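Remarks on the overall topology
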Amino acid sequence: MEHKTKILAMLAEGKIDVSEAEKLLNAVDSKESPKREFSETAQRFFNILIDSKKDEGTRVKIKVPLRLIKAGMKFASLIPEESRKKIQIAMRDKGINFDLNELDSLNVDELLDALQTLEVAVNDSETSETIRIFCA
Amino acid sequence: MLPMKARVLVKDPNGKGVNLWLPLFLLWPVLFILCLPLLLVIGLLRICRSNKLPKILSLVSAVLGLLAALRGLMVDIEDNDTKLKITIN
């Protein structure tokens with residue numbers, strides 16, 4: 001921003017002409033854009049915070065990189081068909097109805113996009129327990 | 001990028017415990033050497049133009065991706081008695 005102001009000041013003073021100012025502004029923009037890309041692609045985490053004041057004051061803080069979730073899903077998609085069925089049956093027996101076959105790259109991206117805006121906060125006054133799930 | 005170090009911290013109520021710094025960067029070259037036979041197998045499969053090659057390559061890339069994605073993982077569990085903290089960087 002400081003560079004841009006200097007360029008505009010030089011233009012106002014007549015030290016450079018419009019075309020030179022344009023070139024300089026473009027150069028400044030191209031230097032600044034990688035920083036923006038970095039902040040957009042900076043690592044994001046799936047956070048789980050549990051704070052229980054009741055039992056022994058248990059406090060749990062889990063920070064999972066979103067990339068790990070994506071990599072795990074990619075890994076799960078490589079599980080052979082026969083093993084998938086066995087896993088699915090075992091999961092169903094445990095009460096988890098989740099279809100591993102639905103995991104493809106598109107779903108993973110959609111899920112991660114959805115996770116980035118997720119924020120769950122549960123505050124139970126009876127058990128004095130606070131649970132927070134969010135992405136940051 | 002693969003994780004370079006891991007830290008495991010376990011503390012009891014007296015403040016005693018274990019604080020382990022695990023230099024993971026030492027593990028990767030060893031693992032690479034151990035995986036050299038796998039590279040040979042991949043090379044042979046490529047020569048034979050086996051249809052299993054894409055599967056093996058995608059598995060290797062998925063495993064590497066999974067290891068690399070571990071960077072930044074943090075688990076911190078604490079109660080009145082003990083504290084357990086695991087970080088991978």
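Now for a description of the structure that goes with this document.

**Structural notes on the overall build of chain A**
- Helix and strand counts for chain A come out as 5 helices and 4 strands.
- Each helix and strand of chain A, placed in order from N terminus to C terminus, yields the pattern α-α-β-β-α-α-α-β-β.
- Burial statistics for chain A: of 136 residues in total, 19% are counted as buried.
- Restricting to contacts in chain A with at least 6 residues of sequence separation, those with at least 24 account for 44%.
- Surface summary for chain A: the accessible area is close to 9900 Å², and the carbon and sulfur share equals 56%.

**Quick notes on the nonpolar core**
All names here are of chain A.
- Formed by 14 residues in total, the largest nonpolar core has its most connected members in Phe-46, Leu-66 and Leu-115.
- Breaking this core down by element, the ones donating at least two residues are helix H3 (66-76) and helix H5 (105-116).
- Considering each element in turn, this core owes the most residues, 3 residues, to H3.
- In this structure, Leu-66 is in contact with Arg-44, Phe-45, Phe-46, Leu-112, Leu-115, Gln-116 and Cys-135, ignoring residues within four places of it in sequence.

**As for the environment of Lys-70 of chain A**
All names here are of chain A.
- Along the polypeptide, Lys-70 turns up in helix H3.
- For Lys-70, a relative accessible area of 39% corresponds to the partly exposed category.
- Here the alpha-carbon distance between Lys-70 and Leu-112, two residues 42 residues apart in the chain, equals 7.6 Å.

**A short note on the pattern of salt bridges**
- Following the criterion strictly, the structure yields 5 salt bridges over all chains and no others.
- Between Lys-83 of chain B and Glu-78 of chain B there is a salt bridge, with its nearest N and O atoms 3.7 Å apart.
- Within the structure, one salt-bridge network assembled from shared partners comprises Arg-59 of chain A together with Asp-76, Glu-78 and Lys-83 of chain B.

**Description of the sheet that holds strand S3 (residues 74-78) of chain B**
- With respect to topology, 8 strands assemble into an open sheet ordered S3(A)-S4(A)-S1(A)-S2(A)-S3(B)-S4(B)-S1(B)-S2(B), the strand pairing being antiparallel. Of all the strands in the sheet, just strand S3 (119-124) of chain A together with strand S2 (17-23) of chain B have a single pairing partner and so form its edges. Ignoring which end each strand starts from, the neighbouring axes of this sheet average 5° apart.
- Of the strand pairs in this sheet, strand S1 (residues 5-11) of chain B and strand S4 (residues 83-88) of chain B are connected by 6 bridges, and their pairing is antiparallel. Looking at the pairing, Ala-6 of chain B lines up with Ile-88 of chain B of S4 of chain B.
- Helix-sheet contacts for H3 of chain A involve strand S1 (45-52), strand S2 (59-65) and strand S4 (129-135) of chain A, and the interaxial angle to S2 of chain A is about 65°.

Parameters and conventions
- Residues numbered from 1 in each chain as written.
- Chains lettered and ligands numbered in written order.
- Predicted model: local features only at pLDDT ≥ 70, side-chain atom pairs only at ≥ 80, totals over all residues.
- Heavy atoms only, no water.
- Helix = DSSP H or I, 4+ residues; strand = E, 2+ residues; numbered from the N terminus.
- Buried < 20%, exposed > 50% of the residue type's maximum accessible area, 1.4 Å probe, protein only.
- Contact = heavy atoms within 4.5 Å.
- Areas by Shrake-Rupley, 256 points an atom, 1.4 Å probe, with all protein chains shown as cover.
- Core = buried A, V, L, I, M, F, W, Y, C linked by side-chain atoms within 4.5 Å.
- Salt bridge = Lys/Arg side-chain N within 4 Å of Asp/Glu carboxyl O.
- Pairing = 2+ DSSP bridges.
- Axes fitted to C-alpha atoms, helices over the stretch in contact; angles between N-to-C directions.

Without other data, these values stay purely geometric and don't point to any function.
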